[in-house]
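# Fold and contact review
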Amino acid sequence: MSVRPEILVLKHDSSQWAAEAAALVLDLRKQAVSEHGRFLVALSGGKTPEQLYRRLVSAPTGGMNGWNQTHFFFSDERCVPPDDPESNFQLADQTLFRPLNISESRIYRMQGEHPDPEAAA
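About the cut-offs
- Residues numbered from 1 in each chain as written.
- Predicted model: local features only at pLDDT ≥ 70, side-chain atom pairs only at ≥ 80, totals over all residues.
- Heavy atoms only, no water.
- Helix = DSSP H or I, 4+ residues; strand = E, 2+ residues; numbered from the N terminus.
- Expected span 1.5 Å × (residues − 1).
- Bend = angle between axes of the 7 residues up to and from the residue.
- Buried < 20%, exposed > 50% of the residue type's maximum accessible area, 1.4 Å probe, protein only.
- Contact = heavy atoms within 4.5 Å.
- Polar contact = N/O pair within 3.5 Å; in protein donor to acceptor, adjacent residues only side chain to side chain.
- Core = buried A, V, L, I, M, F, W, Y, C linked by side-chain atoms within 4.5 Å.
- Axes fitted to C-alpha atoms, helices over the stretch in contact; angles between N-to-C directions.
- Parallel < 35°, antiparallel > 145°, perpendicular 65-115°, else oblique.
- Left-handed = near helix turned anticlockwise from the far one by under 90°.
- Nonpolar A, V, L, I, M, F, W, Y, C, P; charged D, E, K, R; others polar.
- Phe/Tyr/Trp six-rings, centres within 6.5 Å; stacked < 30°, edge-to-face > 60°.
- Lys NZ or Arg CZ within 6 Å of the ring centre and 35° of its normal.

## Description of helix α3 (residues 88-100)
- Its 13 residues place the ends of α3 17 Å apart at the C-alpha level, agreeing with the 18 Å of an ideal helix rising 1.5 Å per residue.
- The largest bend in α3 amounts to roughly 40° and is located at Gln94.
- The element α3 is largely enclosed, with a buried count of ten among its 13 residues.
- Within the sequence span of α3, burial applies to Asn88, Phe89, Gln90, Leu91, Ala92, Asp93, Thr95, Leu96, Phe97 and Leu100.
- Contact partners of the buried residues in α3: β1 (39-43), α2 (49-58), β2 (70-74) and β3 (107-108).
- Looking at where α3 begins, the residue whose side-chain oxygen comes 3.2 Å from the main-chain nitrogen of Phe89 is Ser87.
- Following α3 by one or two positions, Asn101 has its phi on the positive side, about 55°.

## Quick notes on the nonpolar core
- Counting residues in hydrophobic clusters, the biggest one holds 23 residues, and the most contacted among them are Leu43, Leu56, Phe72, Leu96 and Phe97.
- Elements represented by at least two residues in this core include exactly α1 (14-36), β1, α2, β2 and α3.
- In terms of residue count, the dominant contributor to this core is α3 (six residues).
- Ignoring any residue separated from it by four or fewer positions in sequence, one finds Leu96 in contact with Leu43, Tyr53, Leu56, Val57, Phe72, Leu91 and Ile102.

## Examining the environment of Asp83
- Here Asp83 lies in the loop between β2 and α3.
- Measuring from C-alpha to C-alpha, the distance between Asp83 and Glu113 comes to 9.8 Å, with 30 residues separating the pair along the chain.

## Observations regarding the side chain of Thr70
- Relative to the helices and strands, Thr70 is located in strand β2.
- Owing to a relative accessible area of 0%, Thr70 belongs among the buried residues under this scheme.
- Sequence-distant contacts of Thr70, defined by excluding residues within four places in its chain, comprise Arg29, Phe39, Val41 and Arg106.

## Quick look at unusual backbone geometry
- Here the phi dihedral of Asn101 falls at roughly 55°; this positive angle occurs in a residue that is not glycine.
- Mapping Asn101 onto the fold places it in the loop between α3 and β3.
- For Asn101, a relative accessible area of 61% gives the class exposed.

## So, the packing of α1 against α2
- Contact pair α1 / α2: the axes reach a minimum separation of 8 Å and the direction vectors enclose 55°. As summarised for this structure, α1 and α2 are arranged oblique, according to the angle between their axes. As for the relative orientation of α1 and α2, their crossing is right-handed in sense. Listed contacts from α2 to Ser14, Ser15, Trp17, Ala18, Ala19, Ala21, Ala22, Val25 and Leu26 of α1 are Gln51, Leu52, Arg55 and Leu56.
- Looking at the contact of α1 with α2 residue by residue, the class counts come to nine nonpolar, three polar and one charged.

## Some points on the packing of aromatic side chains
- As enumerated under the stated definition, the model contains six aromatic pairs in all.
- A centroid spacing of 6.1 Å and a plane angle of 40° characterise the contact between Phe89 and Phe97, whose relative ring orientation is tilted. The exposure classification of Phe89 matches that of Phe97, with both residues buried.
- In this structure, Arg29 is placed above the aromatic ring of Trp67, and the distance from its NZ or CZ to the ring centre is 4.2 Å.
- Above the plane of the ring of Phe89 lies Arg109, whose end atom (NZ or CZ) is 5.4 Å from the centre.

This is the structure we're talking about:
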């Protein structure tokens, strides 16, 4: 049985988009943990997710609670070391993982610094 995707088109400024996206992530997290005991999320690359990450950290129902059952994956990564300013991991680490004290055991990053990108992926 397939689930029909829900597509939302928001005509708000980026701050409101981030608030809507954070609320959706928090609702999905709550539902997934309730139904499956864990929440798996694939993070997007680029600079766009930064506002979402900051909203998740500051959300009253997100904050420090409830992330123990969440596992973070990357849907893309640049072929750079994790401390490179272009690293998608670095952005998530600075704005999401560290502020929420996410355990490294729940973060699955591509090793962009690996000499063979295909093997790293």
